Amino acid sequence: MINRRNFLVKSASALAITFVVPSLLSGKAHAKKPLAQKVTDKQSWGIHVDAGKCVEGCTACVDACNEENGLTGFGRPETDSQWIRKVTVKNKTTDKITTMPMMCQHCENPPCCDVCPTGASFKRVDGIVMVNQHTCIGCRYCMMACPFKARSFVHETLTQQNTNAPRGKGCVESCNLCVNRIDHGSETTACEDACNKAGHSAITFGDLKNPSSKVRLAIDSNSPRRLRNDLNLQQKVFYSNI
Amino acid sequence: MSEYTLQKLKTCRYAYWGIFLFLGFLILLGIASSAYMEHEGHYVTGMNNQIVWGLPHIFAVTLIVIASGVLNIASMSSAFNKKLYKPLAPLSALFAIAFLIAGLIILVLDLGRPDRLIVAMTTYNFKSIFAWNIFLYSGFFVILSIYIWTMLDFNVSKYSSYVGKLAFGWRIILTTGTGSIFGFLVAREAYSTAVLAPLFIVMSLLYGTAVFYLLLRIISKLQNINIPDEIVTNIRRLMIIFLLANIYFLILYHITNLYISKQVAVTTFILLEGGNYTTMFWLGQVGVGLLIPLLFELTNKENRNFPLTLTSIMTLIGGFFAVAVIIIGGQAFPLNIFPDHTIISSSFFDNQIHSYSPSIFEFGLGIGGTSLALIIILVLITNLKFIPTKK
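Residues numbered from 1 in each chain as written. Chains lettered and ligands numbered in written order. Predicted model: local features only at pLDDT ≥ 70, side-chain atom pairs only at ≥ 80, totals over all residues.

*Asks:* Honestly, the overall build of chain A in this entry has me stumped. Any pointers?
*Replies:* When helices and strands are counted, chain A shows 7 helices and 9 strands. Along the three orthogonal principal directions, the C-alpha set of chain A runs to about 85 × 40 × 35 Å. Of all 242 residues assigned to chain A, the portion counted as buried reaches 44%. (Helix = DSSP H or I, 4+ residues; strand = E, 2+ residues; numbered from the N terminus. Buried ≥ 20, exposed ≤ 12 C-beta atoms within 10 Å, placed from the backbone.)

Printed below as a string of structure tokens:
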């Protein structure tokens, strides 16, 4: 039988479980930057890839990205999503062979955002280019416009998605620099973590505006280049030693 | 045709219902195809992450290009004051509306999320040529509807010439917009050129005139009337001019690309090394679509109907190949992500010519959409007075 004391104790417990405990837990994991904090242009996120350190045959970054974002394939490589892929190239003049990861290059002037009819492809003020899964109509014009083939269209019904990376059948998607981690205060991406763990340290992520950030230090000491510089897209992914 | 009245289509009931049911069946197939594609996901189509636009887009772009071109006949009357075409102007505007609707329906039903059409209609990114096209298409629909009204209602007929001129200007901008969907894609060597806009305009003039003539022939058979010789003569001359204009812009497009070093590879691919795409280009687009029709028409000095019918059909087959070569051929050639490198391996097919085998569902959607245009025309000309008949 419920009395007033019981009622108050149970109500307080329910409230605590619903509101206090999750905030404590999330506070522990992501203490630096709660989700409610507004994204600002004080940071500009970017990646430096040192192709000299990238090892052919290693797919640690690809595997980590797939796990982070729940990109489980259907055994159909032509239609399965790939947010990051490994590419091996040979220099036409020197014959030097290099391998490196390719992903969305997070352009300052992104063609995908220019052509998107609904504005679902957008660039955040901190430089992350991503797709609003609620307003993407699946026209694939952004895929036609992207010079880096960085985008994938979700061709099949998805089940058991990761809650931190919601995806949608019939929508376009691509690398979003692990935006969910960043917005929770993390300073690494899944691919960077995996590359470090594999002992290669070819991928360095960080704030391009911070002169002492690891990504800036990597860029300053390597004089990297952007892919397709002729297009003047001002990407935030830089490559060294190609 | 100085003295004429507009009549409804008066044909045998069996012929009408036969055509209606046949087209209706094809439309149902189109709906079923689209429903299956949306339910299962696009993996059941031939499209993939390499060839992202496929057969539905070939149908849709061809129909939209035809929609603007088929208005030619009405524009001759209103914008260029050629009295000969005035009786045919309402029919021409009706065809334009029907083909526009069909093209757009196919585009919408091929979207990954067709249920979000309302988002596309209410949320705009004005930097996108696609968003401009949504305005251009809906505006064209409204202008054509008003144009037809001013032509059919005597009370407002004094405005028809003005609305006709507006429709003519709009259609030029609309086709420029359609061509620019490709022309603005700087990343793909096959597309990034403004020449595509005028190329699309001359394509629309050619295919639109061919479609108009073919439909006029069918209607005249059903109605048991003759197409005046003067009209046939003029359409033949127009076809020759438009065929020559198409050849000119096609040569200009490829010569331009051959002069720009970074675009030589893709042009060589289309013209020489592209396998099926090269065959489609030379045999379909150039041979069947341009050169043989030109030869037929130049030798058709008596302005006979049969060669004109044949060349119209060939022109349309060639036109379909032309759009296919532009859309699929342009995507099949891999992106030049590393201009000073050769890609040796990639899990995302960066180093390969991309393959595309259209599925039956895409074909069903395209045929269903095309049938929708024809059924709209059939129903409207049977119930409203569109067909000019001598008094």
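Next comes the rest of the account.
*Asks:* Just checking my understanding: could you explain the interface of chain B and chain A for this structure?
*Replies:* Where interface size is given, it is often the accessible area lost as the parts come together that is meant. Contacts between the two partners involve 38 residues from chain B and, on the opposite side, 46 residues from chain A. Residue assignment for the side of chain B that touches chain A shows that the elements contributing at least two residues are helix H5 (117-122), helix H6 (129-152) and strand S2 (341-346) of chain B. Among the elements that take part in the side of chain B that touches chain A, S2 of chain B stands out by supplying 6 residues, more than any other. Across the side of chain B that touches chain A, the residue classes tally to 19 nonpolar, 14 polar and 5 charged. By the bridge criterion, 5 bridges tie strand S2 (residues 84-91) of chain A to S2 of chain B in an arrangement that is antiparallel. Bridge pairing in S2 of chain B links Val87 of chain A to Ser346 of chain B. (Contact = placed C-beta atoms within 7 Å. Nonpolar A, V, L, I, M, F, W, Y, C, P; charged D, E, K, R; others polar. Pairing = 2+ DSSP bridges.)

*Asks:* What should I look at first to understand the confidence of the model for chain B in this one?
*Replies:* Caution is warranted with low-pLDDT regions, since their predicted coordinates should not be read in detail. The pLDDT averaged across chain B works out to 94; a share of 99% of its residues lies at or above 70. Reported confidence for the predicted complex is 0.93 by ipTM and 0.92 by pTM. (pLDDT = per-residue confidence, 0-100.)

*Asks:* Would you take a moment to explain helix H2 (residues 55-69) of chain B for this structure?
*Replies:* Side chains of residues three or four places apart in an α-helix project in the same direction, reflecting 3.6 residues per turn. Between its first and last C-alpha atoms H2 of chain B spans 21 Å; for 15 residues at 1.5 Å apiece the expected length is 21 Å, and the two agree. Taken across its 15 residues, H2 of chain B has 15 buried, putting it largely inside the fold. (Expected span 1.5 Å × (residues − 1).)

*Asks:* Just to check I follow, could you spell out the domain arrangement of chain A for this structure?
*Replies:* Structurally, chain A comprises domain 1 (1-31) and domain 2 (45-240). Spacing between the C-alpha centres of domain 1 of chain A and domain 2 of chain A amounts to 40 Å. (Domains from an automatic or database assignment.)

*Asks:* Sorry, what's going on with the nonpolar core here?
*Replies:* Most often, soluble globular proteins keep nonpolar side chains buried together rather than apart. Residues Cys61 of chain A together with Leu63, Ala93, Phe95, Ala96 and Phe99 of chain B are the most contacted members of the largest nonpolar core, which totals 183 residues. Other than its neighbours up to four places away in sequence, Ala93 of chain B contacts Leu71, Ala74, Leu144, Tyr147 and Ile148 of chain B. (Core = buried A, V, L, I, M, F, W, Y, C linked by C-beta atoms within 7 Å.)

*Asks:* Honestly, the pairing of strand S1 (residues 45-50) of chain A in this entry has me stumped. Any pointers?
*Replies:* Each regular strand shows side chains that alternate between the opposite faces of the sheet. Residue and element names in this part refer to chain A. Counting buried residues along S1, 6 of its 6 residues qualify, which places the element largely inside the surrounding structure. The pairing of S1 with strand S8 (residues 203-207) spans 5 bridges and is classified as antiparallel. Bridge pairing in S8 links Trp45 to Asp207. With 4 bridges connecting them, S1 and strand S9 (residues 237-240) associate as parallel partners. Pairing of Asp50 across the sheet is with Ser240, part of S9.

*Asks:* Quick question: what am I supposed to make of the environment of Gln235 of chain A here?
*Replies:* All names here are of chain A. Mapped onto the elements, Gln235 comes out in the loop between helix H7 (214-222) and S9. Each C-alpha atom of the pair Gln235 and Ile84 lies 16 Å from the other, and the pair is 151 residues apart in sequence. Once residues within four sequence positions are removed from consideration, Gln235 is found in contact with Gln105, His106, Cys107, Arg226 and Leu227.

*Asks:* For this particular structure, what's the right way to read the packing of helix H4 (residues 89-110) of chain B against H6 of chain B?
*Replies:* When two helices pack together, their arrangement is given by the angle between their axes and by how far apart the axes lie. All names here are of chain B. Running from N to C, H4 and H6 cross one another at 155 degrees; their axes reach a closest spacing of 9 Å. Relative to H6, the element H4 lies roughly antiparallel. Regarding H4 and H6, the two cross each other, and that crossing is left-handed. Residues Ala89, Pro90, Ala93, Leu94, Ala96, Ile97, Leu100 and Leu104 of H4 touch H6, and the partners they reach there are Tyr137, Phe140, Phe141, Leu144, Ser145, Tyr147, Ile148, Met151 and Leu152. Here the residues of the contact of H4 with H6 sort into 16 nonpolar, 1 polar and no charged. (Axes fitted to C-alpha atoms, helices over the stretch in contact; angles between N-to-C directions. Parallel < 35°, antiparallel > 145°, perpendicular 65-115°, else oblique. Left-handed = near helix turned anticlockwise from the far one by under 90°.)

*Asks:* Sorry, what's going on with the sheet that holds strand S3 (residues 97-103) of chain A here?
*Replies:* In a beta sheet, neighbouring strands are held together by backbone hydrogen bonds and run either parallel or antiparallel to one another. Read from one edge of the open sheet, 3 strands run S3(A)-S2(A)-S2(B), paired in antiparallel fashion. Single-partner strands in this sheet number two, and they are S3 of chain A together with S2 of chain B. Direction aside, neighbouring strands of the sheet carry axes that sit 35 degrees apart on average. Contacts from helix H2 (residues 60-69) of chain A reach S2 and S3 of chain A, with the element oriented near 155 degrees to S2 of chain A.

*Asks:* Would you take a moment to explain unusual backbone geometry for this structure?
*Replies:* Excluding glycine, residues mostly have negative phi values, and the peptide bonds linking residues are mostly trans. The phi dihedral of Leu177 of chain A falls on the positive side, at around 55 degrees, and the residue is not glycine. Within the secondary structure, Leu177 of chain A sits in the loop between strand S7 (172-173) and helix H5 (179-183). According to the C-beta neighbour criterion, Leu177 of chain A is buried, with 26 such atoms within 10 Å. Positive phi is not limited to glycine here, since Asn81 of chain B has a value of about 55 degrees. With respect to the element layout, Asn81 of chain B can be found in the loop between helix H3 (72-78) and H4.

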